[in-house]
Amino acid sequence: MDNVKHVSKTVAQVAFYYSWSISITFFNRWAFSSFHFPLAVTFCHMIFVFHAVWLYRFFTKPDCSPDGLTWSVYLKRVWPTGVSAALDIGLSNWSFVFITVSMYTMCKSTAIIFILIAAIIFKLEKPKVITIVVILLIAFGLFLFNYKSTSFNLFGFILIMVASLFSGLRWVLAQILLQRDSLGLSSTMDFVYFVQPSMVFAMLPFAIVIEGNDAALSSNFGLASSSQAVHVFILIISGATLALGLTFSEYLLLSNTSSITFSICGIIKEIVTLTLASTVGGDKLSWINIIGLLICMSGITLHSYLKYKKTIRESKDTKLLADEQTLINSGTGSNTDITVENVMMTDTLKNTCGQDDNKTGS
């Protein structure tokens with residue numbers, strides 16, 4: 001009964017996450033294909049999210065501030081995370097002016113490549129042959145997906161690929177921050193609260209330089225009439241609400257499931273998004289594009305499977321070490337020989353698991 005309740009709860013949270021994530025993807029495509037000020041609107045979204053999180057903290061923990069987060073640490077560690085996040089989100093939204101939902105979804109899924117590369121650079125992961133295989137599968141699948149595509153736009157493709165690069169950097173830097181307990185940012189809401197200001201300030205110059213003049217002269221942002229003002233206000237608030245809902249749904253899912261579950265949900269979400277884009281959105285895919293999609297998804301699935309095996313291995317190693325320590329602590333008197341034998345058996349199991357893992361990872 002408890003298992004059924006747990007599964008039902010997880011399914012409900014996944015559905016909640018899908019509804020926000022897929023909705024904001026199609027909303028942004030619809031909004032920015034006609035309203036060509038994605039950076040300015042993204043800037044407004046970031047301000048909205050920051051104030052929403054600020055209100056949450058005001059009513060839940062108004063006087064709570066991380067002791068380890070000094071200005072020096074903020075500028076060296078938090079600021080780069082916020083800048084990379086701002087460029088990821090801003091460039092992703094800008095790409096919707098030029099590309100379809102299908103191309104956006106496929107190209108954005110390649111963020112895994114940049115996450116793996118960044119993780120190797122920052123020594124969070126060790127380079128392995130299987131990692132290169134994953135990268136090549138995703139890259140080749142992306143090439144086939146865009147091969148002779150009638151909706152291909154070079155500038156939009158460059159925007160979304162640069163956004164994917166910053167997405168990989170963003171999540172690796174975020175992982176480093178969240179794992180540093182001394183910084184006091186282990187809570188997702190605290191993390192968003194302290195990172196969001198750097199995102200706002202990073203997005204502002206891009207919005208001003210790239211879109212400032214056109215936005216000021218536009219009839220939409222110029223607000224020539226009250227109806228236009230209402231239209232712009234509804235557009236911005238709707239997108240900001242979706243962005244806030246996505247943030248909370250991600251937090252809800254991550255806080256109640258594992259990262260493996262979240263990765264698998266991401267794969268299924270991309271398939272659902274691509275299906276909706278081709279059936280409802282009118283995006284056209286050739287057989288070569290579909291083969292590219294399958295190859296790319298196989299690479300992403302392989303990556304998730306490797307993450308799953310790594311999690312199981314780390315859990316197994318932790319349990320073996322705990323059992324070994326228990327045997328050592330309890331081994332006295334006449335039980336010494338038995339304890340030594342058990343410890344040797346534990347070491348043998350660890351070595352065997354390590355050999356199996358080395359074979360798998362090579």
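What comes next concerns the included structure.

### With respect to the overall build of the protein chain
When helices and strands are counted, the protein chain shows 12 helices and zero strands. Moving toward the C terminus, one meets the helices and strands of the protein chain in the order α-α-α-α-α-α-α-α-α-α-α-α. Among the 362 residues that make up the protein chain, the fraction classed as buried is 42%. Across the protein chain, the fraction of contacts at a sequence separation of at least 24, relative to all contacts at a separation of at least 6, is 85%.

### Topic: the pattern of salt bridges
One pass over the structure, following the stated rule, counts two salt bridges. Close ionic contact of Asp 88 with Lys 108 constitutes a salt bridge, the shortest N to O distance being 3.0 Å. Residue Asp 88 is located in helix 3 (residues 71-95), and its partner Lys 108 is located in helix 4 (residues 101-109); the two are separated by 20 residues in the primary sequence. Where Asp 88 meets Arg 170, a salt bridge forms, and the shortest distance between an N and an O atom there is 2.7 Å.

### Considering the environment of Met 103
Take Met 103: it is sitting in helix 4. Taking the C-alpha atoms as reference points, Met 103 and Phe 157, separated by 54 residues in sequence, lie 8.0 Å from one another.

### Focus: the nonpolar core
Ranked by internal contacts, the top residues of the largest apolar core, which has 75 residues, are Met 106, Ile 138 and Ile 160. The element best represented in this core is helix 8 (residues 188-217), accounting for 11 residues. Residues contacting Ile 160, with those up to four places away along its chain left out, are Ser 92, Ser 95, Ile 99, Tyr 104, Cys 107 and Lys 108.

Cut-offs used in this document
Residues numbered from 1 in each chain as written. Predicted model: local features only at pLDDT ≥ 70, side-chain atom pairs only at ≥ 80, totals over all residues. Heavy atoms only, no water. Helix = DSSP H or I, 4+ residues; strand = E, 2+ residues; numbered from the N terminus. Buried < 20%, exposed > 50% of the residue type's maximum accessible area, 1.4 Å probe, protein only. Contact = heavy atoms within 4.5 Å. Salt bridge = Lys/Arg side-chain N within 4 Å of Asp/Glu carboxyl O. Core = buried A, V, L, I, M, F, W, Y, C linked by side-chain atoms within 4.5 Å.

Geometric descriptors of this kind do not, in isolation, establish any biological role.
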